[in-house]
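This is what each chain is made of:
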Protein chains: 2
Amino acid sequence: MSTESANPRYRNERSHKAILDAALKLCREQGFAKTSVDAIAKEAGVGKQTIYRWWPSKAAVLVEAIDRQSAPSPDFPDTGDVLADLRDQMVIVARYFQAAQSSTYREVIGAAQSDPATAQVVLNTLVRPRVEGCRNRLEQARRQGQIRADVVLDDVIELIYAPLYYRLLLGTRPTTPEQVEVILNLAFDGLRPR
Amino acid sequence: MSTESANPRYRNERSHKAILDAALKLCREQGFAKTSVDAIAKEAGVGKQTIYRWWPSKAAVLVEAIDRQSAPSPDFPDTGDVLADLRDQMVIVARYFQAAQSSTYREVIGAAQSDPATAQVVLNTLVRPRVEGCRNRLEQARRQGQIRADVVLDDVIELIYAPLYYRLLLGTRPTTPEQVEVILNLAFDGLRPR
DNA sequence: TATACAAAACGAGACGACTCGTCTTGACGG
DNA sequence: CCGTCAAGACGAGTCGTCTCGTTTTGTATA
């Protein structure tokens, strides 16, 4: 029986940070799959039980580490031009997906496919909060008549961001800034001949 | 050194089929991650080496099994109405993604995130051949003036299919047939106010 | 056509290396 | 004195390789 209480009051912040840093470092060097919990503990100079006391799995550690690592997310910009603002934010995502460091994120999403608990924490910690900023910006744009009034905003968000994730996870093509332009062009102007 | 030659001429088709069937059955029952190669071998009444002789990994076995399982892909329909044809094909995909059996596909894509060889075989065996049928249909539609002439067809394909994969892999929302309608509506008519 | 033979695949399972998540120990600190 | 801590032992399970002895397959020969 694992009646670990894990009272945050007693948490050692020094170890906490060391674990997150060690996890990111090892995953950067050798990938998420080949990084064992034992190795993270050793690298962090920490007992393995200390990791399992505070996180349910290796993936959960990296979700927190990735979240902390990501820029403190300066809320979605609002220059008045929704197309330009979307482009700026999507280019940031596209560049991140192209960078080597994103492969840890990629692998964590992969692990989530076989572990519902990981899927939950990825969705709630990494995806949902960032989607929310985008939704707010789109709401403003809709009020200003820059996008159709009859759309569901979550549908719009997925339409434009999904191609980036599709390429990240299926590896069809790289996610270049130019592709962001193409996606937005198609999504805004539509596929019908003009 | 593993100098297995594995000449297909000597392949035992009885075992071949038994392995694919056993793999699908066990993954259906307990998931891909919890299904070991030993278990597949036992279930198929086969030596483990027989599996490793013909496939490089568990994931590769399931890619072949999933590919064989999928309907013999009656090429993309062409009724003259590209929007209707896309809807029909996408609804099939959306329904598959909603069905329980798709979780094996989902997990294999997950495993591919940590194994480039698996990613390659997923892309080449499962994704590319099916994308090709769609591309041909879109080419015909473009010739007939049903979609803009200035688009890259692969961009169009990803724009409309990516939202389904996004939901499958991130688990944001279910992929209902109604959502297919929404996606096509947004993609064809565009986001700009009319 | 029938027989003989070599090569390769076959079922079964042993093997070492590794990882998992839990459990134990004794020291430390508020 | 309590809970956390570092360290590491532990059993269970998986991986991919290797080794048995047997059976199947394709081909050459009579």
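Just above sits the structure.
Being a predicted model, the structure only gives us computed values, none of them experimental. The written sequence of each chain sets the order in which its residues are numbered from 1. Labels are handed out in written order, letters beginning with A for the chains and numbers beginning with 1 for the ligands. This being a predicted model, a pLDDT of at least 70 is required before a residue's local features are given, and a value of 80 or more before pairs of side-chain atoms are given or counted; all residues contribute to the totals for chains, interfaces and linings. The side-chain values count all of the structure's non-hydrogen atoms but skip hydrogen atoms and water molecules.

### Brief notes about the protein's contact with DNA strand C
We call a residue near a molecule or strand as soon as one heavy atom of that residue lies within 4 Å of the molecule or strand. In the vicinity of DNA strand C there are 19 residues, among which Gln49(A), Tyr52(A), Ala6(B), Asn7(B) and Trp54(B) approach most closely. Counted by atom, the contact set of DNA strand C within 4 Å of the protein is 73% sugar and phosphate. Interatomic distance of 3.0 Å between a backbone N/O atom of Val37(A) and a phosphate oxygen of DNA strand C. In the analysis that follows, any N or O atom pair within 3.5 Å is treated as a polar contact, provided that within protein one partner can donate a hydrogen and the other can accept it, and provided that, for residues neighboring in sequence, both atoms belong to side chains. In this structure, a phosphate oxygen belonging to DNA strand C sits 2.4 Å away from a side-chain N or O atom of Tyr52(A). Numbering goes from the N terminus for both helices and strands, where a helix is a DSSP run of H or I of at least four residues and a strand is a run of E of at least two. At the level of elements, helix H2 (37-44) and helix H3 (48-54) of chain A together with helix H3 (48-54) of chain B are the ones that each hand at least two residues to the surface near DNA strand C. By residue class, the composition of the surface near DNA strand C is 7 nonpolar, 8 polar and 4 charged. Note that Gly is not counted as nonpolar here; it falls among the polar residues with everything else outside the nonpolar set of Ala, Val, Leu, Ile, Met, Phe, Trp, Tyr, Cys and Pro and the charged set of Asp, Glu, Lys and Arg.

### Some points on the pattern of salt bridges
Criterion for a salt bridge: a side-chain nitrogen of Lys or Arg within 4 Å of a carboxyl oxygen of Asp or Glu. Enumeration over the complete set of coordinates arrives at 32 salt bridges over all chains. Connected through shared salt-bridge partners, Asp155(A), Glu158(A), Arg167(B) and Arg173(B) make up one network.

### Details of the interface of chain A and chain B
Facing the 47 residues of chain A at the interface are 47 residues of chain B. Both sides of the chain A and chain B interface together cover about 4600 Å² of buried area, and 58% of this is carbon and sulfur. Put simply, buried area is the surface a 1.4 Å probe can reach on two separate parts but cannot reach once they are joined, added for both. Broken down residue by residue, the surface that chain A buries against chain B is led by Gln113(A), Arg148(A) and Leu191(A), which jointly contribute 19%. If you look at where chain A meets chain B, you find 10 salt bridges. What makes two residues a contact is simply this: any of their non-hydrogen atoms within 4.5 Å.

### Focus: the protein's contact with DNA strand D
As a matter of local geometry, DNA strand D sits amid 22 residues, with Asn7(A), Thr50(A), Lys48(B), Gln49(B) and Tyr52(B) nearest to it. Take the atoms of DNA strand D that sit within 4 Å of the protein: sugar and phosphate atoms are 69% of them. The separation between a phosphate oxygen of DNA strand D and a polar side-chain atom of Arg53(A) is 3.3 Å. Elements represented by at least two residues in the surface near DNA strand D include exactly H3 of chain A together with helix H2 (37-44) and H3 of chain B. In terms of residue class, the surface near DNA strand D is made up of 8 nonpolar, 8 polar and 6 charged.

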